[in-house]
Amino acid sequence: MGKAARLKKERRQAPPPVAQTPAIPQRAIVLATAGLVISAGIVVAILLAMRSSPKAPPPASPSAADRNAPAALVQAADKVASIRT
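Residues numbered from 1 in each chain as written. Predicted model: local features only at pLDDT ≥ 70, side-chain atom pairs only at ≥ 80, totals over all residues. Heavy atoms only, no water.

**With respect to the overall build of the chain**
Note the cut-off: For the purposes of this entry, the term helix denotes a DSSP run of H or I that reaches at least four residues, the term strand denotes a run of E that reaches at least two, and both are numbered from the N terminus. Computation of the radius of gyration draws on C-alpha atoms, with the globule rule given as 2.2 Å multiplied by the number of residues to the power 0.38.
Check the secondary structure of the chain and you find 4 helices and 0 strands. Reading the secondary structure of the chain in the N-to-C direction produces α-α-α-α. Against the compact-globule benchmark of 12 Å for 85 residues, the chain has a radius of gyration of 41 Å, which places it well outside the compact range. Seen through its C-alpha atoms, the chain measures out along the principal axes to roughly 125 × 25 × 20 Å.

**With respect to the confidence of the model for the chain**
Inclusion rule: The pLDDT value tells you how sure the predictor is about a given residue, anywhere from 0 up to 100.
Confidence in the prediction for the chain averages 86 pLDDT; 96% of positions are at 70 or higher. The spread of mean pLDDT over the elements of the chain runs between helix α1 (residues 3-13), the lowest at 83, and helix α2 (residues 26-50), the highest at 95.

**Points about the environment of Gly35**
Secondary-structure assignment places Gly35 in helix α2. When the C-alpha atoms of Gly35 and Ile46 are compared, they prove to be 17 Å apart, with 11 residues separating the residues in sequence.

**Some thoughts on the environment of Ile42**
How we decide: Per-residue accessibility, obtained with a 1.4 Å probe over protein chains only, is compared with the maximum for each type, and a residue is labelled buried under 20%, exposed over 50%, and partly exposed between these values.
Here Ile42 shows up in helix α2. Classification of Ile42 as partly exposed rests on a relative accessible area of 47%. Through-space distance from the C-alpha of Ile42 to that of Leu73 is 56 Å; in sequence the pair is 31 residues apart.

**Considerations on a nonpolar patch on the surface**
Counted only if it meets this: Surface patches are drawn from residues lacking salt bridges whose relative accessible area is over 30%; two like charges belong together within 9 Å, two nonpolar side chains (Val, Leu, Ile, Met, Phe, Trp, Tyr) within 5 Å. In this description, accessible areas are obtained by the Shrake-Rupley approach with a 1.4 Å probe, and a residue is regarded as covered only by the protein chains that are shown. Basic side-chain nitrogens of Lys or Arg form a salt bridge, by our definition, when they fall within 4 Å of a carboxyl oxygen of Asp or Glu.
Judged by side-chain polarity, Ile38, Ile42, Ile46 and Met50 come together as a nonpolar surface patch covering roughly 430 Å² of accessible area. Locating Ile46 in the fold gives a position in helix α2. Here Ile46 falls in the partly exposed class, since its relative accessible area comes to 44%.

Dropping the structure here:
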């Protein structure tokens, strides 16, 4: 058996090389995750800052029934209101 035949036989017996995909470094994964978390925090902060604070609506104008209520009823309502506050 010649040298060429021997090398050919060895190549056939050896398993084919496995192509390895380049691994992503751990540091890159950590930096990407931290970047996503920070950007999400900034978006939340901006949305909260832009949100208007709720304001109570102005008091309603009294209805005709309220304006024409008897004085005794108005006094009784004032007493109840002053007790609750």
